[in-house]
Every structure is written in C-alpha cells, then in structure tokens.
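Examination of the molecular architecture
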Amino acid sequence: MSKDQGGFIWYELMTPDISAARAFYQAVLGWSVPEAGHPPVDYREIAAPDGGMVGGMLPLSPEMLSGGAKPGWYGYICVDDVDVQLAELKEAGGTVFMDQTMPDVGRIAMVADPQGVPVYLMKPQPPAGMENAKSTAFDPGSEGHVAWNELMTPDPAAAKDWYLDRFGWTIGGAMPMGDMGDYEFLNREDQAIGAMMKVPEGRPAIWGFYWNVADIDAARIRIETAGGTIVDGPHEVPGGQFVIQALDPQGVAFGLVGARN
C-alpha cells in the first residue's frame, strides 16, 4: 500500500444547473469556477481562494437524470490499483457504475460501496511535467478546501471493516450519540480525516463533506443571501469550531465548518 492510497484527492458536484451552482458556491466559498468548461460535457474545475484546485462541477443532463444519476457532492479516494479494488468491491457486494481512463487525468471508477454508498475510486495520472503533484483538495487548514469527510452508512460495523481494510484508515475514538449510536472518528496515518455513523432514518446514505470557512456566521449569511437553505446550525463541535449543514439552491446537501469570530 503506497502513501497515497486512501486519501481523498478530489470532490465533484453533480448538478442539474451548473450556472446557478457556480454563482452560488462562488458567493458562499469564494471559489473561482470558469464560465465554460471542458467539452463535450462542460466540466468545470473549482479553485479555492488560495488558488488550489479542490474539485469540479459536472452538469447533469435530463438523460443522465432519467437514467438514475442523482445531484450531489461525491468524493474521490486515491487507490494504487483500480483493478484490484474493483474485483474486491464486487466480491464484497459493491457495485461499479462507471470505469474509464482519461489521458493526463487517470483511471476513475464510480462505485457504490458494499453498503450502497456512492464514492469514486481513482488512480491519478498527472500530466507531463507535474508527475509529483499532490492533491490539496482535503486541507482542513485552508479556506475553501474540505476539512471533514463524513460517512452516513446503514451498517457502520460492515462499513468500518471495508474502509479500514481497503485504505489503511484507523478509528481515532468515538463520540456517543444516544440512540443514533457512535460517531466514530476516522484517521489516515496521524491525521483526522472525518467520521462515520449510522444514517438516521429517512435520510440518504452518503459521504458528506464540510468545507472550511473563516467565519461561520458570515458564511451563514452568504448561504441565505445566495438562495441556499440552512438545515442545521451553526452549532459547536469538539475543538471549538462550528458547523452548518445546508442545501444549495438545487437541493444538494453540503456542510461548512469554521470559527465564530
């Protein structure tokens, strides 16, 4: 297992209205997103305020939506060998939705884990002259980057076995949540990367992502001004920061985390 295996390296928004999503997230998170993307699908990369690339936006066509594609944020996990991962995934009961290789990008597979939660697996292929480039999409200390990855799963015990075995993650403790079970913290090497818990009844099983902001109260105002909806928060979490759970104007869930100034 290489040192890159198991890291979150990219985040992707699938949206039915890419122009509206671009305007909303630029206003809320200070991102830079091009007015037009790569043909033929109009894929647009996202740059954080510090210039670091953190993800992309993919427009969902009516045909894609009718075929079962769902708007949402999706994370990419780096793997050493896509063939090995897909074989083990299928054996464990997972599903492969897409598997393709893109020049100067790498091999990408969109899958559902054995508990049915969608995620991307990727073996990157940096372009010539950038062979040693490293992703900073997950960077808890930088504004506009992901600070926390949260798995809501129907079977935490089985999900824990699968993810820890696949990617070398460890459990960094747990916070009891009453009838909801434990909120278990996930570590990669010595870094906390997120947590997992049983998905509450009536909510979808997903990977959710919290983007870092400098001021959580100012961010709340920006969400509401730009047409988003606050679902929960701001409320304090361990470590003294505050989180918001929200919906963008297209109904896609996302989270923010930051200080209260």
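Residues numbered from 1 in each chain as written. Predicted model: local features only at pLDDT ≥ 70, side-chain atom pairs only at ≥ 80, totals over all residues. Heavy atoms only, no water.

**Overview of the sheet that holds strand β8 (residues 146–153)**
For the record, the criterion: When DSSP finds two or more bridges between two strands, those strands count as paired. Going along the chain from the N terminus, every DSSP run of H or I of four or more residues is numbered as a helix, and every run of E of two or more is numbered as a strand. To get an axis, a line is fitted to the C-alpha atoms, and for a helix only the part in contact is used. The angle between two axes follows their N-to-C directions and goes from 0 to 180 degrees. Working rule for contacts: check all heavy atoms of both residues, and any pair within 4.5 Å makes them a contact.
What the 8 strands build is an open sheet, ordered β9-β10-β11-β8-β12-β15-β14-β13; its pairing is mixed. Only two strands of the sheet have a single neighbouring strand rather than two, namely β9 (170–176) and β13 (229–236). Averaged over all neighbouring strand pairs, the angle between strand axes comes to 25°, with direction disregarded. Contacting β8, β9, β10 (182–188), β11 (191–198) and β12 (206–213), helix α4 (residues 156–167) runs over the sheet at an angle of about 150° to β11.

**Quick notes on the sheet that holds strand β6 (residues 106–112)**
Spatial strand order, β2-β3-β1-β4-β7-β6-β5: 7 strands in an open sheet with mixed pairing. Bordering the open sheet on either side are β2 (44–47) and β5 (95–102), each of which pairs with just one other strand. On average, each strand axis in the sheet is tilted by 25° relative to the strand beside it, whichever way the strands run. Of the strand pairs in this sheet, β2 and strand β3 (residues 53–59) are connected by 4 bridges, and their pairing is antiparallel. Among the inter-strand pairings, A47 is bridged to a residue of β3, identified as M53. Together, β1 (8–15), β2, β3 and β4 (72–78) form the strand contacts of helix α1 (residues 18–29), whose direction differs from that of β3 by roughly 150°.

**Structural notes on the packing of aromatic side chains**
The cut-off we apply is this: Aromatic contacts are taken between Phe, Tyr and Trp rings whose centres are within 6.5 Å, Trp giving its six-membered ring; a plane angle under 30 degrees counts as stacked, one over 60 as edge-to-face, and the others as tilted. Relative accessibility thresholds used throughout: buried, under 20% of the residue-type maximum; exposed, over 50%; partly exposed, between the two (1.4 Å probe, protein chains only). Placement of a positive charge over a ring is assigned whenever Lys NZ or Arg CZ falls within 6 Å of the ring centre and within 35 degrees of the normal to the ring plane.
For the structure on display, the rule yields 24 aromatic pairs. Their ring planes at 70° and their centres at 5.6 Å tell us that Y11 and W211 sit as a pair that is edge-to-face. Within this pair, whereas Y11 is found in strand β1, its partner W211 is found in strand β12, the two being separated by 200 residues in sequence. Each member of the pair, Y11 as well as W211, is classed as buried. Between W169 and W207, the aromatic rings sit 6.0 Å apart at their centres with planes inclined by 85°, giving edge-to-face as the arrangement. Linking W169 in the loop between α4 and β9 with W207 in strand β12, this pair joins segments that are 38 residues apart in sequence. Directly above the ring of F242 sits R260, whose terminal nitrogen or CZ lies 4.5 Å from the centroid.

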